[in-house]
2 protein chains.
Amino acid sequence: MQIGAVLIDIDGVLYVGDRPVAGADRALRELDRRGIPYRFVSNTTRRSRRSIARRLEALGYAIPEPWIITAPVAAAAHLREGGRTRCYLLTTPDARTDFEEAGLLAVDEEADVVVVADAADDFTYETLNRAFRLLLAGADLVALEKDRYWMGSDGLMLSAGPFVAALEYAAGKKAEVIGKPSPAFFLRALRDIGARPGEAAMVGDDIVTDIGGARACGMKGVLVRTGKYREEAVRRSGVTPDLVIDSLADLPDYL
Amino acid sequence: MQIGAVLIDIDGVLYVGDRPVAGADRALRELDRRGIPYRFVSNTTRRSRRSIARRLEALGYAIPEPWIITAPVAAAAHLREGGRTRCYLLTTPDARTDFEEAGLLAVDEEADVVVVADAADDFTYETLNRAFRLLLAGADLVALEKDRYWMGSDGLMLSAGPFVAALEYAAGKKAEVIGKPSPAFFLRALRDIGARPGEAAMVGDDIVTDIGGARACGMKGVLVRTGKYREEAVRRSGVTPDLVIDSLADLPDYL
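Under an unreviewed UniProt entry, the name given to chain A is Haloacid dehalogenase-like hydrolase domain-containing protein 2, and the organism recorded is Methanoculleus palmolei. Recorded in UniProt for chain A, the comment headed Sequence similarities (unreviewed entry) runs: "Belongs to the HAD-like hydrolase superfamily." Turning to chain A, the UniProt annotation filed under Cofactor (unreviewed entry) states: "Mg(2+)".

## Notes on the overall build of chain A
Within chain A one finds ten helices and 15 strands. Computed over C-alpha atoms, the radius of gyration of chain A comes to 18 Å, within 12% of the 18 Å expected from 2.2 N^0.38 for 255 residues, which places it in the range of a compact globule. C-alpha extents for chain A along the principal axes are approximately 55 × 35 × 35 Å. Going through the 255 residues of chain A one by one, you find that 60% of them count as buried. Sequence-distant contacts in chain A: of pairs separated by 6 or more residues, those separated by 24 or more amount to 69%. Put simply, chain A shows about 10,400 Å² of open surface, and 46% of that area lies on carbon and sulfur atoms. Averaging the positions of the 33 positive and the 38 negative side-chain charges in chain A gives two centres separated by 3 Å.

## A word on the environment of G198(B)
Residues and elements named next belong to chain B. Examined against the element boundaries, G198 turns out to sit in the loop between helix 7 (183-192) and strand 13 (200-204). G198 sits in the exposed class, given a relative accessible area of 62%. Between the alpha carbons of G198 and R215 there is a distance of 9.7 Å; along the sequence they are 17 residues apart.

## Remarks on helix 1 (residues 24-34) of chain B
In an α-helix, one turn spans 3.6 residues; hence positions three or four apart end up facing the same way. Residue and element names in this part refer to chain B. Listing the buried residues of helix 1 in full gives A24, A27, L28, E30 and L31. Looking straight down helix 1, one finds that the buried residues subtend no more than 155° of arc, so they occupy a single side. Seen from the buried face of helix 1, the exposed residues on the opposite side, beyond 90 degrees, are R26, R29 and R33. Those residues of helix 1 that are buried lie in contact with strand 1 (5-8), strand 4 (38-42) and helix 10 (251-254). Directly after helix 1, the chain includes G35, whose backbone phi takes a positive value near 75°.

## Looking at the relation of the copies chain A and chain B
With an RMSD of 0.0 Å, the fit of chain A onto chain B corresponds to turning through 180° and sliding 0.0 Å along the axis. Here the copies are linked by what is in effect a two-fold axis. A shared interface surface links the copies, since 100% of the contact residues of chain A are contact residues in chain B too.

## Section: the sheet that holds strand 6 (residues 86-90) of chain B
Two pairing modes exist for strands in a sheet, parallel and antiparallel, and in both the strands are linked by backbone hydrogen bonds. Residue and element names in this part refer to chain B. Taken in spatial order, the five strands of this open sheet run 7-6-8-9-12, and their pairing is parallel. Unpaired on one side and paired on the other, strand 7 (105-106) and strand 12 (176-177) mark the two borders of the sheet. One ladder, built from two bridges, connects strand 6 with strand 7; its direction is parallel. In the strand pairing of strand 7, C87 is matched with A106. Packed on one face of the sheet, helix 5 (residues 125-136) meets strand 6, strand 8 (113-116) and strand 9 (140-143) and runs near 150° to strand 6.

## Remarks on the side chain of S48(A)
Residues and elements named next belong to chain A. Relative to the helices and strands, S48 resides in the loop between strand 4 (38-42) and helix 2 (49-58). On the basis of relative accessibility, which here comes to 3%, the residue S48 falls in the buried class. Among the polar contacts listed, one links the side chain of S48 to the side chain of D94, at a separation of 2.9 Å. If we ignore the near neighbours within four places in the chain, the residues touching S48 are D94, A95, T97 and D98.

## Remarks on the sheet that holds strand 14 (residues 220-224) of chain B
All names here are of chain B. Taken together, the six strands give an open sheet; going across it, the order is 5-4-1-13-14-15, and neighbouring strands pair in parallel fashion. Strands with a single pairing partner mark the edges of an open sheet, and in this sheet they are strand 5 (68-70) and strand 15 (243-245). On average, each strand axis in the sheet is tilted by 25° relative to the strand beside it, whichever way the strands run. Pairing analysis gives three bridges linking strand 1 to strand 4, with the strands arranged parallel. Paired with I8 across the bridge in strand 4 is F40.

## Points about the interface of chain A and chain B
With 31 residues of chain A at the interface, the matching set in chain B holds 32 residues. Together, the buried faces of chain A and chain B total about 2,600 Å²; carbon and sulfur atoms form 61% of this surface. Counting across the chain A and chain B interface gives two salt bridges. The shortest N-O distance in the salt bridge between R133(B) and D154(A) comes to 3.1 Å.

## Details of the pairing of strand 14 of chain B
Residues and elements named next belong to chain B. Within strand 14, four of the five residues are buried, leaving the element largely enclosed by the surrounding structure. Where strand 13 and strand 14 come together, four bridges link them in parallel fashion. In the strand pairing of strand 14, M202 is matched with G221. For the handedness criterion, the β-α-β arrangement of strand 13, helix 8 (residues 207-216) and strand 14 is classed as right-handed. The β-α-β motif built from strand 14, the intervening helix 9 (residues 231-237) and the parallel element strand 15 has right-handed crossover chirality.

## Notes on the nonpolar core
Counting 57 residues, the largest nonpolar core has V114(A), L167(A), V114(B) and L167(B) as its most contacted members. If we skip the residues at most four places from it in the chain, L167(B) touches L90(B), V116(B), L128(B), A131(B), F132(B), L135(B), L141(B) and G172(B).

## Focus: the pattern of salt bridges
This model, assessed by the stated rule, comprises 38 salt bridges over all chains. One salt bridge in this structure joins R215(A) and D242(A), with 2.9 Å as the shortest N-O distance. Note that R215(A) is positioned in helix 8 (residues 207-216) and D242(A) in the loop between helix 9 (231-237) and strand 15 (243-245), a separation of 27 residues in sequence. Put simply, E168(B) and K174(B) hold a salt bridge, and the shortest N to O gap is 3.9 Å.

Reading guide: rules and limits
- As a convention, each chain's residues are numbered from 1 in the sequence order in which they are written.
- Here chains are named by letter from A upward and ligands by number from 1 upward, in the order in which they appear as written.
- pLDDT decides what is reported in this predicted model: residues at 70 or higher carry local features, side-chain atom pairs at 80 or more are listed and counted, and totals for whole chains, interfaces and linings draw on all residues regardless.
- Calculated side-chain values reflect all of the structure's heavy atoms, with hydrogen atoms and water omitted.
- UniProt positions are given in the numbering used here, feature names are shortened, and annotations may be inferred rather than shown by experiment.
- Only DSSP runs of H or I reaching four residues or more are called helices, and only runs of E reaching two or more are called strands; each is numbered from the N terminus.
- To get the radius of gyration, use the C-alpha atoms; to get the globule rule, take the number of residues to the power 0.38 and multiply by 2.2 Å.
- Whether a residue is buried, partly exposed or exposed follows from its accessible area with a 1.4 Å probe, protein chains only, as a fraction of its type maximum: under 20%, in between, or over 50%, in that order.
- Should any heavy atoms of two residues lie within 4.5 Å, those residues are counted as being in contact.
- Here the accessible surface of atoms and residues is derived via Shrake-Rupley with a 1.4 Å probe, and residues count as covered only by protein chains that are part of the display.
- His residues and chain termini do not enter the charge count, which takes Lys and Arg as positive and Asp and Glu as negative.
- Each charge is placed at NZ for Lys, CZ for Arg, CG for Asp and CD for Glu.
- The arc in question is traced by the directions running from the helix axis to the C-beta atoms.
- For the least-squares superposition of copies, only C-alpha atoms count, and only for residues with pLDDT at least 70 in both.
- Here the rule is simple: two strands pair whenever DSSP picks up at least two bridges between them.
- Between N-to-C directions, angles span 0 to 180 degrees; the directions come from axes that are lines fitted to C-alpha atoms, helices contributing only their stretch in contact.
- Between N or O atoms, a polar contact is any pair within 3.5 Å; within protein, one atom must be a potential hydrogen donor and the other a potential acceptor, and residues adjacent in sequence are included only when both atoms are from side chains.
- The buried area of a pairing is the accessible area, by a 1.4 Å probe, that goes missing from both parts when the two are put together, added over both.
- Between Lys or Arg on one side and Asp or Glu on the other, a salt bridge is scored when a side-chain nitrogen of the former is within 4 Å of a carboxyl oxygen of the latter.
- Handedness is read with the strands pointing away from the viewer; a crossover is right-handed when the path from the first strand over the helix to the second is clockwise.
- Side-chain atoms within 4.5 Å link the members of a nonpolar core, which is a set of buried Ala, Val, Leu, Ile, Met, Phe, Trp, Tyr and Cys residues.

Here it is in structure tokens:
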């Protein structure tokens, strides 16, 4: 493949559960050596960008924090630009800091918008019911991602998507999705390295949001067999990757 | 209306929140006086049939327990008949008793079926994630109801439907719905009083599950303006009731 820039998913590509993917760091250094710019685009919405950067550091990666493009950071900027500052945040306390640092107000009533991330144990009947009532009262529904699940250290874990689907069903409203596969999200990351979609590849483990999303906006889609990769999910998705590789470690061999 | 039998919803029709609907009990006694048989069909899945009967008694209604047809009782019979005895129950502890009394096994692993009721505070990230993993491992998805919400004493409350939608989205499986508007559920109640759909009316506050469901199986649909009734929801539903009355108290005037 003739590729001038690379976007890389984090969870399931750089690490799976608590373990870094073997050879992934070496692959990044090979991209550096060849002068191919790259950024990280993550639908991991449990953690703030700062936490993700620290976690990657602990796993042995030296990645500058601004190179990590996350849905909470993108959503906070998008909401502030649109003047929707009163947010009911269905997020973890950690992800909440991305919104507070962007100057948004975390409120429990009279919200302009209900923001749904992967709130993990903060998804409760009470928090979901509050979100539902705010939606009926007129708040917009913004989803940081609509992924089905991700691969945790002891098995598959529900992501934000199912809870977004629950609120859409309850309130009869469609969510605006900020993270992958939203084209705006990919384009934001490409703008950061001055690359056009036609010359870039997206590397990820989610056939729908990573590969389908990338291809829909003109990028090449490279699927890795790490993380939540399952052959059956690929078959059922109707999406055809441009390339399937065992892990990020193999990427330089194909560029 | 020429009506020979009546099915009546409970929550929102006999009571709203903690208060009985004025005149509803008198209407039931009027049906008794005229010899019009009736049964109660409820999508309330937080409580066992015994608890519902006791609650109605406390609210001043004298209703024989077998006259109350609930989705948990119907589901337990349906699952036992089909030999699906190992159930992961996403229900309240109270509703669980209906399944245990029917001889089903409540299990946390190797489940034949995931059963979703309105589990209220027992809907947690952990219980939903367990249900999701069991579905991926091959369990069937059975929903006791798929209602969006109901009217509680301090506002609208999420019902089982949004959580069913969440699991359908996560696992890529459609739920089998046991309660209203499933025709089998209405027919089971009618069989109990030896009535045919064409001579029966369903009285309820849910335009979709009560009125739409009843009309789809040949019954008349009578919408009450108590409970979760909202004019806008009726307009958006595309369902036209045969009759709209202020409350159950007014029913005898139209028969």
